[in-house]
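Listed below are the residues making up each chain.
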Amino acid sequence: MLTIKEGDYLKYIGNPNVKLKLQMKMTLIIGLLIISMFAIMGLFLHAFFSDTLKHEVGERALAVAESVARIPELRQAYELDDPAAVIQPLVEPIREATGAQFIVVGNREEIRYAHPQPEQLGEQMVGGDNERALLLGESYVSEAVGSLGRSIRGKAPVRDADGGVIGVVSVGFLTKDVQTIVMNYHRKLWYVLVALVSVGIVGAVLIARYIKRLLFGLEPEEISHLLLQKETILQSTHEAIIAVNRYGVITLMNTAAQRLLAEKEQVPNPFIGKPILDVLPNSRLHEVLQTGERQYDKEMLVGKHIVLVNRLPIYYQQNLIGAVSTFRNKTELEQLSQELTRVKQYAEALRAQTHEFSNKMYTILGLIQLDKQQEAIDFIRRESTIQQNWIHFLMKKVPDPMISGILLGKLNQALEQRVTLTIDPDSQLQHPLSDRQRDALVTVLGNLIGNAIEAVKDKTEQREVALSFTDIGDVVVFEIDDAGPGIADEEIEKVFQQGYTTKAGADRGIGLALTRRLLEDIDGELTLEESELGGACFVVTIAKDRNGGKTDD
């Protein structure tokens, strides 16, 4: 179920205010993200390349310096009166071959013996970074400003035959040359990054268009607005709603459906993600998924509730993607349904009685026309006696007018169908019934006696139905026997399931399921036994009302 903070509710119930289109918003966000990522990457690579190149140049300068410092001729030149005359021609070819900006050789007093500019020979070395080589005898890389400018230098001490430090070799590459190389690499790098950013922005536009199309052209604000409307309508709808995907798995269920299905308090939507047949074994949504045909106003039992169901397929772009079922608990309509059922039963009884009376009137008319007055009088007395006996018996044995009324109507219906309906003369129902018991019993007797008459009416012989009832003891018991074909043992439990029927025609298989449910609601019971007449025997048992038949609150 959708949950919305109280402070955010007002911004969803009004008209959606779209300040910036989703496509533009996504393009900007993704574009800024890509630009930021590549900018950070470019800065990192810039710093990384610069440091790496400086390190490599420094290591290269140091390697050249150490190699030059180990040249024997150079060491021996320090013993001459004019070392520069030997050292300068010795190191200059090396400088040109290695590409170094300078190779400077000096003595312990930092007087130059070699320099790319001959006029600098005999001058003091500058930079102030020779102490570690001259005093400590170390080889190292430094960066300082010399006579040719800022440079990256490799320093190595020159040692005599005894290992003493007699001078220093300094090999350098100008920093501006290194930066020029770095910038050349970086220029190519940034070209690549800009190209990648351009591709990313184009991809962002395409992604935004695709998502926009998936959302049916709606903006996020509009989707939020519609979602709230849908959720409000869904959860406030009195009818229960269940939707399944094409595999029959529940994808949506509103509060009314959950309340109808859950027997006790459970976590929200415990049925989402479960197969519909696991939750509702008698559901026919799978038929809708298979055939794609709609089903309207179908009755079914859900637990102990009678519901009226509509089932519709869900299509998207001509493809069946699921189905939705709406069903309403008929409990609140049950009283009206029972009233209509009783009215229908009364109407059928009156019609049967009228039809039978009309036939008898024609019989009397024929006897009179044949000048058979005495036979006519005897016929009238006989028929009057039968009706009076029925009425007298029912008034004496069944004081409740509703129950006696339905029994009298069924007697007339059986007479019209040429079915012998007999009532055990020892039957009685003196105990007063509550309103709920009376209403349920009228419907139950109407259904069971009607089924019994229908079971034998097409027979050529033994068209018999027997009825007995008693209120002796703690329960009220009715037995309805018929001489019909009966019910096979393997079908005894099935006949009480909604939708199961042995009769031809649509919209059947509801009466016995409804009858059992009505009895369960009044602490009653319906069982099936073998009839002494050879057919079925339905036994109705109802616990006597403790209130003595007082009107229910």
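As shown above, the structure is provided for reference.
Model, not experiment: these values are computed from the prediction.

## What about the overall build of the chain?
Here is step 1: Secondary structure summary: the chain contains 15 helices and 15 strands in total.
Here is step 2: For the chain, the proportion of its 553 residues judged to be buried stands at 40%.
Here is step 3: Partitioning the intrachain contacts of the chain with sequence separation of at least 6 by distance along the chain shows that 58% fall at a separation of at least 24.
Here is step 4: Of the roughly 31800 Å² of accessible surface on the chain, 56% is carried by carbon and sulfur atoms.

## Some words on the sheet that holds strand β6 (residues 240-245)
Here is step 1: Spatial ordering of the open sheet is given by β7-β6-β10-β9-β8, a layout of five strands whose pairing is antiparallel. The sheet terminates laterally at β7 (250-253) and β8 (295-302), the two strands that pair on one side only. Strand-to-strand twist of the sheet, defined as the mean angle between neighbouring strand axes without regard to direction, takes the value 25°.
Here is step 2: With six bridges connecting them, β6 and strand β10 (residues 319-329) associate as antiparallel partners.

## Some details on a nonpolar patch on the surface
Here is step 1: Judged by side-chain polarity, Phe44, Phe48, Phe49, Ile181 and Tyr185 come together as a nonpolar surface patch covering roughly 530 Å² of accessible area.
Here is step 2: For the nonpolar patch, the secondary-structure elements that each account for two or more residues are α2 (22-69) and α6 (175-214).
Here is step 3: It is α2 that contributes the most residues to the nonpolar patch, three residues altogether.
Here is step 4: Counting through the fold element by element, phenylalanine 44 comes out in helix α2.

## Observations regarding the nonpolar core
One broad rule of soluble globular proteins: the nonpolar side chains tend to lie buried together.
Here is step 1: Among the nonpolar cores identified, the biggest contains 43 residues, and Ile403, Leu407, Leu467 and Phe478 are the most heavily contacted of them.
Here is step 2: The residues touching leucine 407, leaving out its near neighbours within four places in the chain, are Leu394, Val398, Leu445, Ile449, Leu467 and Phe469.
Here is step 3: One finds Ala65, Ile71, Tyr78 and Val182 within the second-largest nonpolar core, a separate group that totals 27 residues.

## Thoughts on the pairing of strand β3 (residues 140-146)
Here is step 1: In β3, alternate side chains face the same way, and those of Tyr140, Ser142, Ala144 and Gly146 are buried while those of Val141, Glu143 and Val145 on the opposite face are not.
Here is step 2: Alignment of β3 against strand β4 (residues 149-159), held across seven bridges, turns out to be antiparallel. Across the sheet, alanine 144 pairs through a bridge with serine 151, a residue of β4.
Here is step 3: Linking two consecutive strands that pair antiparallel, namely β3 and β4, is a turn of two residues.

## Focus: the sheet that holds strand β15 (residues 536-543)
Here is step 1: Spatially, five strands are ordered β11-β12-β13-β15-β14 in an open sheet, and the strand pairing comes out mixed. Because the sheet does not close on itself, it has two edges, and the strands there are β11 (420-423) and β14 (524-530). Strand-to-strand twist in this sheet, taken as the mean axis angle between neighbours without regard to direction, amounts to 15°.
Here is step 2: With four bridges joining them, β11 and strand β12 (residues 464-470) adopt parallel strand pairing. Considered in β12, the bridge of isoleucine 423 is made with leucine 467.
Here is step 3: Where helix α13 (residues 401-416) meets the sheet, its contacts fall on β11 and β12, and the angle it forms with β11 comes to roughly 150°.
Here is step 4: Running over the sheet, helix α14 (residues 435-456) touches β11, β12, β13 (475-482), β14 and β15 and is turned about 15° from β13.

## Observations concerning the packing of aromatic side chains
Here is step 1: A complete count under the given rule lists three aromatic pairs for this structure.
Here is step 2: Measuring from ring centre to ring centre gives 6.0 Å for phenylalanine 44 and phenylalanine 48, while their planes differ by 20°; the resulting arrangement is stacked. One end of the pair is phenylalanine 44 and the other is phenylalanine 48, both in helix α2 and four residues apart, which spans about a single turn.
Here is step 3: A centroid spacing of 5.1 Å and a plane angle of 25° characterise the contact between phenylalanine 469 and phenylalanine 478, whose relative ring orientation is stacked.
Here is step 4: Phenylalanine 469 sits in the buried class, given a relative accessible area of 3%.
Here is step 5: Here the guanidinium or amino end of arginine 132 rests over the ring plane of tyrosine 140, the centre of that ring lying 4.2 Å away.

## A closer look at the pattern of salt bridges
Here is step 1: Applying the stated criterion across every chain, the model contains eight salt bridges.
Here is step 2: Between glutamate 92 and arginine 95 there is a salt bridge, and its shortest N-O distance comes to 2.5 Å. Placement of the pair is glutamate 92 and arginine 95 together in helix α4 (residues 83-98), with a separation of three residues, close to one helical turn. In terms of burial, glutamate 92 and arginine 95 fall into one category: buried.
Here is step 3: The network of salt bridges with common partners includes Asp129, Arg153 and Lys155.

About the criteria used
- Residues numbered from 1 in each chain as written.
- Predicted model: local features only at pLDDT ≥ 70, side-chain atom pairs only at ≥ 80, totals over all residues.
- Heavy atoms only, no water.
- Helix = DSSP H or I, 4+ residues; strand = E, 2+ residues; numbered from the N terminus.
- Buried < 20%, exposed > 50% of the residue type's maximum accessible area, 1.4 Å probe, protein only.
- Contact = heavy atoms within 4.5 Å.
- Areas by Shrake-Rupley, 256 points an atom, 1.4 Å probe, with all protein chains shown as cover.
- Pairing = 2+ DSSP bridges.
- Axes fitted to C-alpha atoms, helices over the stretch in contact; angles between N-to-C directions.
- Patch = residues over 30% accessible without salt bridge, like charges linked within 9 Å, V, L, I, M, F, W, Y side chains within 5 Å.
- Salt bridge = Lys/Arg side-chain N within 4 Å of Asp/Glu carboxyl O.
- Core = buried A, V, L, I, M, F, W, Y, C linked by side-chain atoms within 4.5 Å.
- Phe/Tyr/Trp six-rings, centres within 6.5 Å; stacked < 30°, edge-to-face > 60°.
- Lys NZ or Arg CZ within 6 Å of the ring centre and 35° of its normal.

Read these as spatial facts, not as claims about activity.
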